[in-house]
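# Structural characterization, general
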Amino acid sequence: MGRLDLTRPRIRAKVALFGSTLALVGYGGSWLALNLVPGAQAAVSATTDGGSAASAWWSGAVGAPTTSTPDWLLVAAPHSQTTWSILSNTGVGLVIIAACLFATDRSARLRRLAAPAIAVGSVSLTAYVGHIIAIKTLGIDGLPTSAALPALACLAAASMLLAVAWTRAFRGGPLEYMLHAATAPARLIN
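First things first, this report covers the structure right here in the doc. (Residues numbered from 1 in each chain as written. Predicted model: local features only at pLDDT ≥ 70, side-chain atom pairs only at ≥ 80, totals over all residues. Heavy atoms only, no water.)

### Structural notes on the side chain of Ser85
Assignment of secondary structure puts Ser85 in helix α3 (residues 83-106). By relative accessible area, Ser85 is classed as buried at 1%. The residues touching Ser85, leaving out its near neighbours within four places in the chain, are Val75, Ala76, Ala77, His79 and Ser80. (Helix = DSSP H or I, 4+ residues; strand = E, 2+ residues; numbered from the N terminus. Buried < 20%, exposed > 50% of the residue type's maximum accessible area, 1.4 Å probe, protein only. Contact = heavy atoms within 4.5 Å.)

Here it is in structure tokens:
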């Protein structure tokens, strides 16, 4: 994605089509596997205290994956980290990126409203590492569920404010610059 010219509508359309294909292969492959492999659904259900595995091809309601049965590799449920899940998540992500690019190109107002999120995207590595440091430094990793949403909202707002301020002066974040400097010599290798 980083090497594609996403300013070209044709490239965006190809990204959306490829993403749709990946999502279809991921979710569809998981559904087929869970329904065609004998005993797969029963084996997955047996490791979840009897929960149904009928929706494990798309939903996390089945619970967390276990290593007690290889049939979990057929699941595409969120956070299962299976091949099907990775294909599906990547596909959905590509479709969302293409849709956001199409939408912000068509509406200047939407682009202005999305400017804080776009700024975070310009410094995404720095924002990601920064939020982990903030969570550990502020000690908010052990918050009760009732306080999690306000903490998330504060972290998101701080990330956007800092990203907007930073991107007004610089093109990328500090960690993005360091990563670029560290990998730039690789371009010289033939």
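### Some remarks on the packing of helix α6 (residues 124-138) against helix α8 (residues 174-183)
In the contact formed by α6 and α8, the axes pass within 6 Å of each other and the chain directions differ by 120°. By the criterion of interaxial angle, the relationship of α6 to α8 is oblique. The chirality of how α6 crosses α8 is right-handed. Along the contact surface, α6 presents Ser124, Leu125, Thr126 and Val129, while α8 presents Pro174, Leu175, Glu176 and Leu179. In the contact of α6 with α8, the residues fall into 5 nonpolar, 2 polar and 1 charged. (Axes fitted to C-alpha atoms, helices over the stretch in contact; angles between N-to-C directions. Parallel < 35°, antiparallel > 145°, perpendicular 65-115°, else oblique. Left-handed = near helix turned anticlockwise from the far one by under 90°. Nonpolar A, V, L, I, M, F, W, Y, C, P; charged D, E, K, R; others polar.)

### What about the packing of aromatic side chains?
Inspection of the entire model under this criterion finds 1 aromatic pair. The positively charged end of Arg12 is found above the aromatic ring belonging to Phe102, 6.0 Å away from the centroid. (Phe/Tyr/Trp six-rings, centres within 6.5 Å; stacked < 30°, edge-to-face > 60°. Lys NZ or Arg CZ within 6 Å of the ring centre and 35° of its normal.)

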